[in-house]
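Listed below are the residues making up each chain.
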Amino acid sequence: MPWEVVLTADRGSFTDYGGASSLGYVADMPARLVPRLFMDKFFTPPARTDKEGRALYAPYALRKVEAIVAKAGYEVAVVPPEKLKRAVGPKTKVLGISVHDPYGLSPVGTFLTMILGGGETWTAKFFKELSDEVEALKKKYDFKVIVGGPGVEQLMRAGRPSWADVIFIEDVEITLPKWLPKIVAGEEVPPVIKPSVNEYPAAEDIPAIINPARLGEVQITRGCPRGCQFCSITPITFRSLPISTVVKEVEINLKAGWAQVDLITDDVLLYGTSPYGPNRLKVNHDAIVKLYEAIRSVEAGGNKVRHIFFSHVSAAPVVESPKTVKAIAELSGFGPDKGDTPVIGLETGSVRILNKYMRNKAYPYPPEKWHDVVLDATAILNENYIYPAYTMTIGYPDETDEDMKQTMEIVEKIIDHDYIAWIFPLPVIPMYTSALRHLRHPTPDMLPERFWDILYESWRYDLRVTRRLAPIILQNSKNKLISRVVNYMIDKVFNSIEWMFRELKDTKGRSAAQLSRINLDNALGVLKSIYWLTRIAFGAKD
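Just so you know, these numbers come straight off a predicted model, no measurement behind them. (Residues numbered from 1 in each chain as written. Predicted model: local features only at pLDDT ≥ 70, side-chain atom pairs only at ≥ 80, totals over all residues. Heavy atoms only, no water.)

(A) Broad picture of the pairing of strand β15 (residues 389–394). Where burial is concerned, most of β15 is hidden: six out of the six residues are buried. The alternating pattern of β15 places A389, T391 and T393 on one face and Y390, M392 and I394 on the opposite face, and all of these are buried. Inspection of the sheet shows β15 paired to strand β16 (residues 422–427) by six bridges, in the parallel sense. Within β16, the residue paired with Y390 across the bridge is I423. In this view, the connection linking β15 to its parallel neighbour β16 by way of helix α14 (residues 401–416) has right-handed handedness. (Buried < 20%, exposed > 50% of the residue type's maximum accessible area, 1.4 Å probe, protein only. Helix = DSSP H or I, 4+ residues; strand = E, 2+ residues; numbered from the N terminus. Pairing = 2+ DSSP bridges. Right-handed = clockwise from strand over helix to strand, strands pointing away.)

(B) Seen up close, the environment of P425. For P425, the position within the fold is in strand β16. The exposure class assigned to P425 is buried, which follows from its relative accessible area of 0%. Spatially, the C-alpha atoms of P425 and E293 are 36 Å apart, while their sequence positions differ by 132 residues. Ignoring sequence-local partners within four residues, the contact set of P425 consists of F111, M392, I394, F451, I454, L455, S458 and W459. (Contact = heavy atoms within 4.5 Å.)

(C) Broad picture of the pattern of salt bridges. In this structure the tally under the stated criterion is 31 salt bridges. Of the charged contacts in the structure, one is a salt bridge between D403 and R352, with a shortest N-O distance of 2.6 Å. Of the two residues, D403 is situated in helix α14 and R352 in helix α12 (residues 351–357); the sequence distance between them amounts to 51 residues. Beyond isolated ion pairs, a larger network of salt bridges with shared partners links R11, R36, D40, E82 and E129. (Salt bridge = Lys/Arg side-chain N within 4 Å of Asp/Glu carboxyl O.)

(D) The arrangement of a nonpolar patch on the surface in detail. On the surface, V197, I236 and Y276 cluster together into a nonpolar patch covering about 340 Å² of accessible area. Under the relative-accessibility criterion, V197 is labelled exposed at 66%. (Patch = residues over 30% accessible without salt bridge, like charges linked within 9 Å, V, L, I, M, F, W, Y side chains within 5 Å. Areas by Shrake-Rupley, 256 points an atom, 1.4 Å probe, with all protein chains shown as cover.)

(E) The arrangement of the sheet that holds strand β3 (residues 94–98) in detail. Pairing in this open sheet of six strands is parallel, and the strands run β2-β1-β3-β4-β5-β6 from one edge to the other. A single partner strand is all that each edge strand has here, and the edge strands are β2 (76–78) and β6 (192–193). Direction of pairing for strand β4 (residues 144–148) relative to strand β5 (residues 166–168): parallel, over a ladder of two bridges. Paired with V147 across the two strands is I167, which belongs to β5. Along the sheet, helix α7 (residues 175–184) contacts β3, β4, β5 and β6; its crossing angle with β5, the most-contacted strand, is approximately 170°. (Axes fitted to C-alpha atoms, helices over the stretch in contact; angles between N-to-C directions.)

(F) Quick look at the sheet that holds strand β14 (residues 343–347). The three strands lie next to each other as β14-β15-β16, forming an open sheet whose pairing is parallel. Each edge of the open sheet is held by one strand with a lone partner, namely β14 and β16. Across the sheet, the mean angle from the axis of one strand to that of its neighbour is 30°, orientation sign disregarded. Running at roughly 170° to β15, α14 makes contact with β14, β15 and β16 of the sheet.

(G) Expanded view of the nonpolar core. Residues I115, V250, I295 and L455 are the most contacted members of the largest nonpolar core, which totals 105 residues. Broken down by element, this core gets its largest block of residues, nine residues, from helix α15 (residues 449–473). What L455 contacts, discounting residues up to four positions off in sequence, is F111, I115, P425, F501 and L504. Among the nonpolar cores identified, the runner-up in size contains 28 residues, and A55, I68, I183 and V184 belong to it. (Core = buried A, V, L, I, M, F, W, Y, C linked by side-chain atoms within 4.5 Å.)

(H) Highlighting helix α9 (residues 285–296). Taking 1.5 Å as the rise per residue, α9 with twelve residues should run 16 Å; its terminal C-alpha atoms sit 16 Å apart, in good agreement. Listing the buried residues of α9 in full gives H285, A287, I288, V289, L291, Y292, A294 and I295. (Expected span 1.5 Å × (residues − 1).)

(I) Quick look at unusual backbone geometry. The amide bond that connects Y363 to the next residue, P364, takes the cis arrangement and shows omega of 15°. Not every positive phi belongs to a glycine, and E170 is a case in point at roughly 65°. You can see E170 is positioned in the loop between β5 and α7. Positive phi, close to 60°, is recorded for L215, a residue that is not glycine. On the secondary structure map, L215 appears in the loop between β6 and β7 (217–219). Given a relative accessible area of 2%, L215 falls into the buried group.

Encoded structure:
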């Protein structure tokens, strides 16, 4: 049945990635290298729905907007893109779309297309497919389309779709209810709406989701107080959500069967801290432990919380408060067979670059101690069954050979200590709302020559770490076949692609062009892939 307000996203966002969120990065690869069959069945399977086409679980961002719209008094439904034609109709006034990586210009998407010969990413392809459908439906039913989410910065710098009536930037708890009546009535509104200083909601004014989010997602902090220049998140937006809100959302997810809790945060160890004053960025051990204990005690729908994961953390607070790391690891249920792989911004090994572009990254320690902070943090995390996915930003306009030398040194130190950590060198991306928004979007020839040396050393180590962590990567996968596929890739394929990274190193990235001719997303590619997959499924041996 059609609804008054419908919310959706493209397939690259509206999926649970088969229960293993780390497999979502496959969608950042060039579409020609991954057959559609694999995306549909394994890496980005469609979300399950009820009889009316509404999602049984959905991306957290859409669930948050759903709660805001419902609180404002509107009839609203969250539907996956496959059910969009059924959800909209003459009654529909507004279609809301959440975008994450609509043009494949994210740091990961940019990087993977660089090294794999270019081409449209699956995230971009999924968005184009949704765009075509939205355009056709809008012509038929004449509803208004609003767009929000982290990917709107790509629309602002690379071109907004013709069907997008209003783009909402950043928090919408206040701006959306303010402008939605005018949008529903068909009145003229600004094409871009961004909160004024007094339109960022207080933590207690952010409503809890009213229906389950995929993977048991629950937000505990919003924003980041560190203020790195390459990032679009500003310190003014930092808040810690009340425990009461978090517990409500955990209960909703538990009732839907999600016994894991996946905490959404830019830094789990900054929960309950203050971005200002004498306790600025200081770890609030008691607040964090109280939060984790409250989550762990939740029971709903006959389910209990089994494990708690978190998406991001910073190195400095890990070193500042090892006891907090230990406490959350124990409360999360981590151990030899159950761990976490959060993203951590390592960014650079250069003291000068750190000091200029991200001085607060090391706080409360001076930038000169950055190498020690990273190494100490990695050791502490590993001791508690937490395995960092370190991301690096390389390609600042004034980055020198000496800066790159120091960055290589920190990579070599992590490798020499044999820590269990991934290292992903990524290009600096000029996000629309960041201080570096005026930079050109990176291309291989723009990157420092040493980038390719760092890439080779990092990925050669990453492949080794991936083998060690295969059980952790797949610990929540619901699909046994995809687990076997990924294990096979790690065991057989990953061992044979070191040559690719060596060639990228030796040619300073030019060898990537050789991969541009490969296309597996066609009939022959599908047949080859099905044959390979069948052999794996039935335990064929080489």
